[in-house]
Amino acid sequence: MRKKSIGLVVSLSLLAGGWQTGGEASATAPSPYAFDGKMSQDTLNRYLSRSAQIMDMFWFDTDASKKQEWLRFVENTGTKLIGRAAMIWTNFQDDETMFYHSGRMADAVHAQDPEVILQAAIFETTAQSVNQIPVPAWVFEEFGLQPETRNFSYEAMLYQDGRYSNYWGAGQSVPDITSLETQMFFFYRAKRFIDLGYESIHYGQVRLMGEADPFYLNWNRLLNRVRAYGEVHARRHNVLLDAHVNEVYDNANPLWYMAKGQFRYEAPGNTGNYYNGDASRLNRADGAQSADGHYIVYKLANATGFEVVSANWAGAGDQPDGFDLYASPDGRSWTSVGKTIQEIQRTEYTWPNYKTTNANPLPAGTNYVKVSWKTMPNIWTVQLLDVKINATGAALHDTLEQPNPAVKKLAFDFVGYPARMKGVPNFPQETKLEVNYMDSLYQKTIGGLNPQGWVTPHSPYLIELDNYGGSNGSPGIDSPYWPWGYDEIAWFAHQNDDYRRSWLKYAYDWFRTNDSYGHLQMPAYRTLGDAPVNGSNVYNAITASPIYPNTLGDEEAIKAIWSSAAQSGAVEDDLRDLTKIYRLSTNLAKDGSNPGSYGGDGSRLTRTSNTSEYVVYKAPYVTDRTRLTGFAVDTWFSSASPVADFKFYVSSDDVNYTHYTPKKVTVNGSMTKIAYIGSRLPVGTRYVKVEFDSASSSAASPQIGKVTTFYADSGSYSDGRIDDFESYGGSGLALNAAYEVNPNADPVTVSLDAANKNDGDYGMKYEYNVGVLTYGGVALNLGGADWSGYDALRFWLKPDGSNRNLTIQMITAGGDYWDKVLDLSDPTARMIEIPFSAFARPSWHNGTGPMNLSAVANLTLYAGVGAGSPGAGTLYFDSIEAISY
């Protein structure tokens, strides 16, 4: 629906003020998706809010017709970030084919829309097939190594303690990021993707690959390498990095070149007796002890010696020799070096302190020194207090203090994470999003200095409908991580068309309401694993065509969700699913039995126990000012039982609720139907709660049938606006709830009219028939509106050309009545402006004093016989507002 203008005078004043309204300004305005180098927070959020996942998009380059269809999908929907467009899981034997087609697909996408960001993925996988991939010279050079002729090594990428070996199948494992080989392989892949035009890289389960990576040191070294390359060579000198992990900061010890094993910094404790006065110490945190399983590598050119100070627990006997020390010229080949150990403190028997130094000068050309924990009686037996590395003309001193910057630097630009949908009890196959459900990310992303250069209290994030197998073997049974027995995308694909599309809209709105840092990545193409739908093992959102005859066709729904939504309207909930309900209590279920007794309604909400259950509806998130203006709730009661009315509450924040009394319309039948109608809800209302009364005779009665909510932008009721007839959602029922007919006068009927109006989609048709009592009218309850800052009433009127009259009546503060009578003889449709000073008290009213507009209760529109003859007529109203001069 179009938004109403607030009047010709205002429009002319804007034009007189010199605002640019033509094509030149819009043609030169920068695109909201434009960037070169670092990206603003707003720009990043725009990209995330228009993200769709087209998994393995590169393969469509092999089929010209399918390739064209996906290019059309991207253009039609307005997709700006394509997730997982290029990737390999474990079939690295197809690497070159993947890179070739990835580049061609990227060229085609960018030829159509150069602003689109394509995302590649580097997952938590390695496989024996990497042994077929040559290591280019530039990879060795990037890591300061001498180039050599060899292929990547699968074995060198693995956890040396055997964890996650063959985790994905025979010869397919989880790589260890502390392995230099893994880092080299990951940089190789990232560089190739960037060179092909990919500006985003997803790194999968970073925590799984980093279980031995202290403070994500090795991860951050790799990510910073990729960023540095992207800043120079990427299409727009930037590459966005994300992963399935939330807690990663780039705040490891800056003096460490590499490290392995989980560590923690210890609290000060009894520093004088135990730790030689050193309040900052490093302790092994967890993990199995193994040879070279926990170490730190320091880099210093031409190192000649070292000094390592430690506290060694003596509870199981003295343990002075806590470390092995190694030297290396290149950080890859290591030589064990001799050492001398000296006790330097034993004020308390249990924690003697030792200083370990090199027994002889380090080998010539040593550029790296490794301090490696030995196996001890307990993992915490040896704590590191201080490390010094000496070199010719240089020194390195590590006091092992935990870095604690004022603002921590985030490792990733955003987080990518599964949705973690929660199955709704009593509603088979339905799911919802919920803060604090399992390990969901909602409202929990960490904050800090984003790699793009701005500080944020929470990282932005993308939520995807994840795939991890298809089905757990128990379809129809809800369990954690497996909504109704499926992985997330398979659950989604198994729903009917209406529910899928409604669920996407629900989720999109849910994020904007509950966590503005989160965004839903629209599913477009993704594997369904072992849970095919209609014979297809992929979810495909594209509109069905001869090229893709067997798809689920959610393309237009995605486009509609991303399009500009009407700023006022109605949302009708027939309760076929729960996507239009914002929140509901536990003991509710659906009842579709005996629809004939319920006016044909075959989907109703009922209780499972006779308790005060409730549902909450909210205004759709069209803008941040959208509010609810009214509602219509159909309910059904057993005709044999007394009516225990529903209770209604309104709220602006879903925390503080105020009781609200709607109108009731009762229709008797085999079941009694009561429609509760609310109109012109208090300004700021965003939530309406409908509550069952526990005093009812049974859980099965009453029931809730169709629910309609009406919404509008709050601006529709600001600046003196009284009614533009757009907030009723096109519903005559809602209009009639707002305009109450005077029951003691001649009949008047009001309805919405799309043909006779000043602006927008609707005006009000006012049909009257005066003669018996010579007048009839309708009253609009204003709830004590403050018009004290305004000078006149203005509205659009199309009279009927009769010689009858129209009385505009206000009830002001203190119950004071004021009238202004207008002649209806001129049929010209026009704006009418009445200064408040032109209103007078009617002759039958005995009020005194000046007009007080601080609390206007009602505005009433009366048609009267006046100088005309009794009879019927029709008037049209629109754009009613209070104005100031």
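None of these values were measured; they are calculated from a predicted model.

Counting its regular elements, the protein chain contains 15 helices and 51 strands. Each of the 885 residues in the protein chain was classed as buried or not, and the buried ones make up 55%. In the form shown here, the protein chain has an accessible surface area of approximately 35,000 Å², with 49% of it arising from carbon and sulfur atoms. Counting 73 positive and 96 negative side-chain charges, the protein chain places the averaged centre of each group 1 Å from the other.

This part takes up the pairing of strand β16 (residues 353–358). The pairing of strand β12 (residues 303–312) with β16 spans five bridges and is antiparallel. Looking across to β16, one finds that Val309 is bridged to Lys355. One ladder, built from six bridges, connects strand β15 (residues 339–345) with β16; its direction is antiparallel. Across the sheet, the residue bridging to Glu343 is Tyr354, located in β16.

All told, the structure shown has 54 salt bridges when counted by the stated rule. Asp318 is paired through a salt bridge with Arg346; the nearest N and O atoms lie 2.6 Å apart. Note that Asp318 is positioned in the loop between β12 and β13 (323–328) and Arg346 in the loop between β15 and β16, a separation of 28 residues in sequence. The partner of Asp509 in a salt bridge is Lys618, with the nearest N and O atoms 2.9 Å apart. Here Lys618 lies in strand β33 (residues 614–618) and Asp509 lies in helix α13 (residues 497–514), a separation of 109 residues in the sequence. Grouping residues by exposure puts Asp509 and Lys618 together as buried. By sharing partners, the salt bridges in this structure join Arg84, Glu464, Asp466 and Arg526 into a single network.

Right, let's talk about unusual backbone geometry for a bit. The step from Ser701 to Pro702 runs through a cis peptide bond, and the omega angle for that step is 5°. Mapped onto the fold, Pro702 is located in the loop between β39 (687–691) and β40 (703–713). In the Ramachandran plot, Tyr481 falls in the positive-phi region, its phi being about 75° despite a non-glycine side chain. Mapped onto the secondary structure, Tyr481 falls in the loop between β25 (461–464) and α12 (488–493).

A word on the confidence of the model for the protein chain. One rule of thumb: low pLDDT means the predicted coordinates there are not for detailed reading. Of all residues in the protein chain, 96% have pLDDT values of 70 or greater, and the mean over the chain is 93. Low pLDDT (under 50) marks residues 1–26, which in the prediction has 36 contacts with non-local residues, meaning those over four places away or in another chain.

This part is about the environment of Val643. Its place among the elements puts Val643 in the loop between β34 (626–638) and β35 (647–651). Separated by 298 residues in sequence, Val643 and Gln345 have C-alpha atoms that sit 85 Å apart. Not counting residues within four places of it along the chain, the set of residues in contact with Val643 comprises Phe637 and Ile674.

So, on to the sheet that holds strand β48 (residues 816–823). Hydrogen bonds between backbone atoms are what pair the strands of a sheet, whose relative direction is either parallel or antiparallel. Pairing within the open sheet is antiparallel, and its five strands lie in the order β42-β45-β50-β47-β48. Pairing within the sheet leaves two strands with one partner each, and these edge strands are β42 (739–741) and β48. Neighbour-to-neighbour, the strand axes of the sheet open up by a mean angle of 20°, direction not taken into account. Note that strand β47 (residues 805–812) and strand β50 (residues 856–864) share seven bridges and pair antiparallel. Considered in β50, the bridge of Ile808 is made with Leu861.

Spatially, five strands are ordered β30-β33-β39-β35-β36 in an open sheet, and the strand pairing comes out antiparallel. Of all the strands in the sheet, the pair left with one neighbour each is β30 (583–584) and β36 (658–660). Both β35 and β39 contribute to a ladder of five bridges, which runs antiparallel. Within β39, the position partnered with Lys647 by the bridge is Glu691.

Here we come to the nonpolar core. One finds Met57, Tyr203 and Trp503 to be the most contacted residues of the largest nonpolar core, which totals 110 residues. Looking at this core element by element, the count peaks at nine residues for helix α8 (residues 180–195). Contact partners of Met57, with chain neighbours within four places excluded, come to Trp70, Val74, Ile82, Arg84, Ala85, Met105, Val109 and Leu118. If you look at the next biggest cluster of nonpolar residues, it comprises 43 residues, including Tyr728, Ala734, Leu822 and Val856.

You can see Ala632 is positioned in strand β34. Taking the relative accessible area as the measure of exposure, Ala632 reaches 8% and is therefore buried. Here the alpha-carbon distance between Ala632 and Arg804, two residues 172 residues apart in the chain, equals 35 Å. Not counting chain neighbours up to four residues away, the residues in contact with Ala632 comprise Tyr676, Ile677, Lys706, Val707, Thr708, Phe710 and Leu733.

Right, let's talk about the packing of α13 against helix α14 (residues 555–562) for a bit. Two numbers describe how α13 lies on α14: the axes approach to 10 Å, and their chain directions differ by 25°. By the angle between their directions, the pair α13 and α14 is classed as roughly parallel. Between α13 and α14 the crossing geometry is right-handed. For the pair formed by α13 and α14, the contact residues are Arg501, Leu504, Lys505 and Tyr508 on the first element and Ala557, Ile558, Ile561 and Trp562 on the second. Of the residues belonging to the contact of α13 with α14, the class tally is six nonpolar, no polar and two charged.

As for its position among the elements, Asp213 is in the loop between α9 (206–209) and α10 (217–233). Within the local environment of Asp213, its side chain forms a polar contact with the backbone nitrogen of Trp219, the two atoms lying 2.9 Å apart. With residues up to four places along the chain from it excluded, the contact list for Asp213 reads Ile177, Thr178, Asn218, Trp219, Ala259, Gly261 and Gln262.

This part covers the packing of aromatic side chains. One pass over the structure, following the stated rule, counts 65 aromatic pairs. Between Phe58 and Trp59, the aromatic rings sit 4.6 Å apart at their centres with planes inclined by 40°, giving tilted as the arrangement. Both rings, one in Tyr275 and one in Trp351, keep their centres 5.9 Å apart while their planes meet at 55°; by these two values the pair is tilted. Within this pair, whereas Tyr275 is found in the loop between α11 (271–274) and β10 (281–286), its partner Trp351 is found in the loop between β15 and β16, the two being separated by 76 residues in sequence. On the basis of relative accessibility, which here comes to 7%, the residue Tyr275 falls in the buried class. The side chain of Lys191 reaches across the aromatic face of Trp138, ending 4.2 Å from its centre. Arg604 extends its terminal NZ or CZ atom over the ring of Tyr598, reaching a point 3.5 Å from the ring centre.

Two numbers describe how helix α4 (residues 64–77) lies on helix α5 (residues 95–112): the axes approach to 11 Å, and their chain directions differ by 40°. Taken as axis vectors, α4 and α5 run oblique relative to one another. Handedness of the crossing formed by α4 with α5: right-handed. Contacts between α4 and α5 pair Lys67, Leu71, Arg72, Val74 and Glu75 from the former with Arg104, Met105, Ala108, Val109 and Gln112 from the latter. Here the contact of α4 with α5 is built from residues that sort into five nonpolar, one polar and four charged.

Definitions and cut-offs
- Residues numbered from 1 in each chain as written.
- Predicted model: local features only at pLDDT ≥ 70, side-chain atom pairs only at ≥ 80, totals over all residues.
- Heavy atoms only, no water.
- Helix = DSSP H or I, 4+ residues; strand = E, 2+ residues; numbered from the N terminus.
- Buried < 20%, exposed > 50% of the residue type's maximum accessible area, 1.4 Å probe, protein only.
- Areas by Shrake-Rupley, 256 points an atom, 1.4 Å probe, with all protein chains shown as cover.
- Lys, Arg positive; Asp, Glu negative; His and termini not counted.
- Charge placed at Lys NZ, Arg CZ, Asp CG, Glu CD.
- Pairing = 2+ DSSP bridges.
- Salt bridge = Lys/Arg side-chain N within 4 Å of Asp/Glu carboxyl O.
- pLDDT = per-residue confidence, 0-100.
- Contact = heavy atoms within 4.5 Å.
- Axes fitted to C-alpha atoms, helices over the stretch in contact; angles between N-to-C directions.
- Core = buried A, V, L, I, M, F, W, Y, C linked by side-chain atoms within 4.5 Å.
- Parallel < 35°, antiparallel > 145°, perpendicular 65-115°, else oblique.
- Left-handed = near helix turned anticlockwise from the far one by under 90°.
- Nonpolar A, V, L, I, M, F, W, Y, C, P; charged D, E, K, R; others polar.
- Polar contact = N/O pair within 3.5 Å; in protein donor to acceptor, adjacent residues only side chain to side chain.
- Phe/Tyr/Trp six-rings, centres within 6.5 Å; stacked < 30°, edge-to-face > 60°.
- Lys NZ or Arg CZ within 6 Å of the ring centre and 35° of its normal.

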